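Summary of structural features
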Amino acid sequence: MNRTHTNGEFRIKHVSQTVTIIGWVAKRRNFGSIVFMDIRDRTGIVQCVFNEALSEKVKDVRNEYVLEIKGTVVERKDKNPKLPTGEVEIIVEEVTIINTAATTPIIVADETDALEDTRLRFRYLDLRRPLMQKKLMQRHAITKAMRNFLDDEGFIEVETPLLTKSTPEGSREYLVPSRVHAGEFYALAQSPQIFKQMLMIAGFERYYQVARCFRDEDLRADRQLDFTQVDIEASFLSEVEFQTIMENMMVNVFKNVMGRDLPVPFRRIPFEEAMNRYGVDKPDIRYGLHLNDVTHLFSASEFKVFSSVIETRGSIKALVIPDYASITRKEIDALTDLAKKYGAKGLVVVKLVNGVIEGPAAKFLSESEKAALIGQLSLSENDLVLMVADAWEKACIAAGALRTYFRDTLKLVREDQFEFAWVVDFPLFEHDAEEDRLIARHHPFTRPKEEDAHLLDSDPLSVKACAYDLVLNGFEVAGGSLRIYDQQMQSKLFSLIGFSEEQIEKRFGFFVDAFKYGTPPHGGIAFGLDRLAMILTNSESLRDVIAFPKNASARCPLTDAPTPVETKQLDELHLTVVK
RNA sequence: GGUCCAGUGGUGUAGUGGUUAACAUGCCUCCCUGUCACGGAGGAGAUCGCGGGUUCGAUCCCCGUCUGGACCGCCA
C-alpha cells in the first residue's frame, strides 16, 4: 500500500506535506459536518479531520475500522499536549475504507475497563492497546540487547531439542507420546541444561539460546507453563569472570532499553547472609528493615515458645518496625496469619512504649531479657518488634514475609528503583523430608566448592556450591552455577542424591559417558526473560509481557486449550484415557 | 492438594429476602464546524454463572458445582 508515514511520527516539520497513512480508528468525534478521527498504528495516534464534503462518506465508520487516508498535514489551531503528534493534524482529502469492524467487547485503549480474563479471550484486541504494544516492544528490546551483547562477546546461538528425554528429577515434565514407538514418551525440555553442557564438551566455548522451556507445575503471577530463558554457558571462566560478563550484559540492557546506567559490580550476598538479613534467598535490597537474630538473648528463657526452639537449636528472628507501636489488634492478627502461612507457628509481638516493653508477649519475658532486647535492637520509643521462633530457615522465611509486607504497606520502594544483587555460596544439597534423602538444591550438575569437597561424605549439608542467583528487586531473574566436569565427581553427586548405579546409567548414562572425553571446566546461567521483562515494564504479572499466556488454571482463554482429542488421535498414539 | 476473594445488560461495577434490578461506559437514532474521555436529546440491551435447599416469595440466606483471580504446597 502507498503509506508514506507512520502515524506516530508527525511533528510540526511535516506541515504542508501531502501524506498517506493507514491505521485503525481509535476514536471518532462527530460534529455533523466536521468529523475528527484518531487513527492509530503501532507507532502512535494522529488526528485526522474530515470536512463537510467527506463527512457523509465516513458517516458509518466506527471504532477499529481500518482506513487508508490521503491528506495534508497542517498545524493545529488547538494543540493537544497529551499527544506526541498533538501539534499537527491531517486534513483528509481521500479516504478508503479497507475493512470494517464489529463493536469490540473491550475498549481498545490504555485505560480499558475489561478484566484480565476478558482481555485474554480477545487477546488480539487487547494487544492493540498502545500500553500492551509498548510492553511487547520493550521485551523485544531486552532480548535484542542481550543478543547483541552476547554476539559481541563471542557467544553463538545454538538451538537444542524441545522434544527430549524424560529425567524425572526436578520439576514435573510435559510428556509427549511417541506415535512411532508405542508406549514410549518424549519430555518437553524443562531447560536446555544437559544439551548446553554437551555443547561445552563439544568445544563451542561460548553458547547462548533464547530457549523455550516447559514445566508442568501450578501457575502464579510470575510463573507460566511455557516460558523463555536466555540460556547461557561458557568454558574456562571463573565464577567471578563469568558473573562480570553477565553484569555487563545487564548494564547493556538497562542502557539500551531504559537509557539508564547501572552501577557495577553488583553486590554479592552469601546465601546465609541473605536468609539472615532479608529472610529470603532473593532479597529486595532497595530498602532496609533488616532481620535481627536475637536467639542468644533468650538462651535461658522461660517462655516456652522460645525455650523449645532453643532446645532444638532453632532461631529467633526479630523485625523492628519503627514508630509502629499503635498497631491494631486486627493488623497483628493479619501479620500472625501471614507468618503462619509461611510455616511459622506464631508471632511474638512486643513494643516499646514509655520506655517499657509492652504488648501481648511482654509478660513472658524477664526484665533482663527486655533490657537486652532494647539494647540489641537499639529500640526507640514506639517501635514495634515482631519475633518468629522456629527452625532457622523457617524463622527466616516467615520473618522475611513480614519484611515484604511492610515494604508494600509502608511504601518503602519506588517503582523506578532497580537494584541487582548476586546471591552466592548456596548449599549444594538440601534435605527432602518427604523422601528423607539429600536432593540437589540447584541441580545435580552443580560443582561443589573445592574447599568443601572433603565434607561430601561426612557432612554433605554443609557443603557449599559454586551456584549463584541474580536477583532484582526481590525476584530471581537468573540462576546458574559452575558445573562438575570430572566424571568421578559427577557419579559421586548422583550417588549422594540416592541414585543407584543402574538409575544413573539409565537416566544420565549418555551424559556421564560424555565426561570421559576431555570435558572443559564450564559453567553458565539462565535468565528468566519473561520475569525480567515483567520487572522492567513495571508489570503486575508475567502475562502482561507474554503475547498469548495461559491463565492461572493452566488454560489458554483464547484457544481454550487444552481440549479433548479424537479417539483416532489417541489410537495412533497408543493411548487410552482412563477417567 | 489447600486457604482466601470474586461471578449482576457488550464491558466494568452498585444494590436488595418482596413493585419496573441502579450507575458508568459501550452500542443505536437524531442534533451540532474545533473536538481530543467532545457535548446535547432519545432508545435498545440482564432468564443477577449453574444445580439443589430454606421460604408464601431467593439475584440476595444455606449446600454443592463450575469459572476466574491471589497465595501456600509445588516450581532440580
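Residues numbered from 1 in each chain as written. Chains lettered and ligands numbered in written order. Predicted model: local features only at pLDDT ≥ 70, side-chain atom pairs only at ≥ 80, totals over all residues. Heavy atoms only, no water.

**Notes on the nonpolar core**
Counting residues in each nonpolar core, the largest one holds 43 residues, and the members touching the most others are M146, I232, M246, M250 and F527. Once you skip the residues sitting within four places of it in the chain, M146 turns out to touch V230, M249, M250, V253, F527, L529 and L532. Core analysis: the next-biggest nonpolar cluster, separate from the first, contains 33 residues, I201, V423, L496 and I497 among them. (Core = buried A, V, L, I, M, F, W, Y, C linked by side-chain atoms within 4.5 Å. Buried < 20%, exposed > 50% of the residue type's maximum accessible area, 1.4 Å probe, protein only. Contact = heavy atoms within 4.5 Å.)

**What to know about the protein's contact with RNA strand B**
What surrounds RNA strand B is a group of 49 residues, the closest being K27, R76, G170, H442 and R543. The sugar-phosphate backbone supplies 60% of the atoms of RNA strand B found within 4 Å of the protein. Between RNA strand B and P105 there is a distance of 3.3 Å, counted from a sugar or linking oxygen to a backbone nitrogen or oxygen. Breaking the surface near RNA strand B down by element, the ones donating at least two residues are β1 (18-30) and α2 (116-121). (Near = heavy atom within 4 Å. Polar contact = N/O pair within 3.5 Å; in protein donor to acceptor, adjacent residues only side chain to side chain. Helix = DSSP H or I, 4+ residues; strand = E, 2+ residues; numbered from the N terminus.)

**Regarding unusual backbone geometry**
Across the junction of V264 and P265, the peptide omega takes the value -5°, indicating a cis bond. A cis geometry characterises the amide bond from A561 onward to P562, with omega recorded as 0°. The residue P562 is located in the loop between α14 (529-536) and α15 (567-572) in this model. In this model, N538 sits at a positive phi of 55°, which is unusual for a non-glycine residue. Its location among the elements puts N538 in the loop between α14 and α15.

**So, the side chain of R139**
Secondary-structure assignment places R139 in helix α4 (residues 130-152). Among the polar contacts listed, one links the side chain of R139 to the backbone oxygen of V545, at a separation of 2.8 Å. Sequence-distant contacts of R139, that is, excluding residues within four places in its chain, are made with T228, L529, D530, A533, V545 and I546.

**So, the environment of E450**
Relative to the helices and strands, E450 resides in the loop between β20 (437-440) and β21 (467-472). Judged by its relative accessible area of 73%, E450 falls in the exposed class. Along the chain, E450 and C466 lie 16 residues apart, while their C-alpha atoms are 8.8 Å from each other.

**So, the sheet that holds strand β4 (residues 66-75)**
The strand order around the closed barrel built from five strands is β1-β2-β3-β5-β4, with neighbouring strands paired in mixed fashion. This sheet shows a mean twist of 55° between the axes of neighbouring strands, independent of strand direction. Where strand β3 (residues 44-50) meets strand β5 (residues 88-99), two bridges bridge the pair, whose relative direction is parallel. In the strand pairing of β5, V49 is matched with I91. (Pairing = 2+ DSSP bridges. Axes fitted to C-alpha atoms, helices over the stretch in contact; angles between N-to-C directions.)

**A short note on the packing of aromatic side chains**
Remark: the centre distance and the inter-plane angle together describe each pair of aromatic rings, the angle taken between the planes. According to the stated counting rule, one finds 21 aromatic pairs in the structure shown. On the numbers, 6.5 Å between centres and 80° between planes, the contact of F122 with Y124 is edge-to-face. Residue classification places F122 among the partly exposed positions, given a relative accessible area of 22%. Among the residues examined, Y124 registers a relative accessible area of 46% and is labelled partly exposed. Pairing F445 with F511 gives two aromatic rings, centres 5.0 Å apart and planes at 70°, and the pair type is edge-to-face. One end of the pair, F445, is in the loop between β20 and β21; the other, F511, is in helix α13 (residues 501-514), with 66 residues separating them in the sequence. Each member of the pair F445 and F511 is classed as buried. (Phe/Tyr/Trp six-rings, centres within 6.5 Å; stacked < 30°, edge-to-face > 60°.)

By themselves, these figures tell us nothing about what the structure is for.
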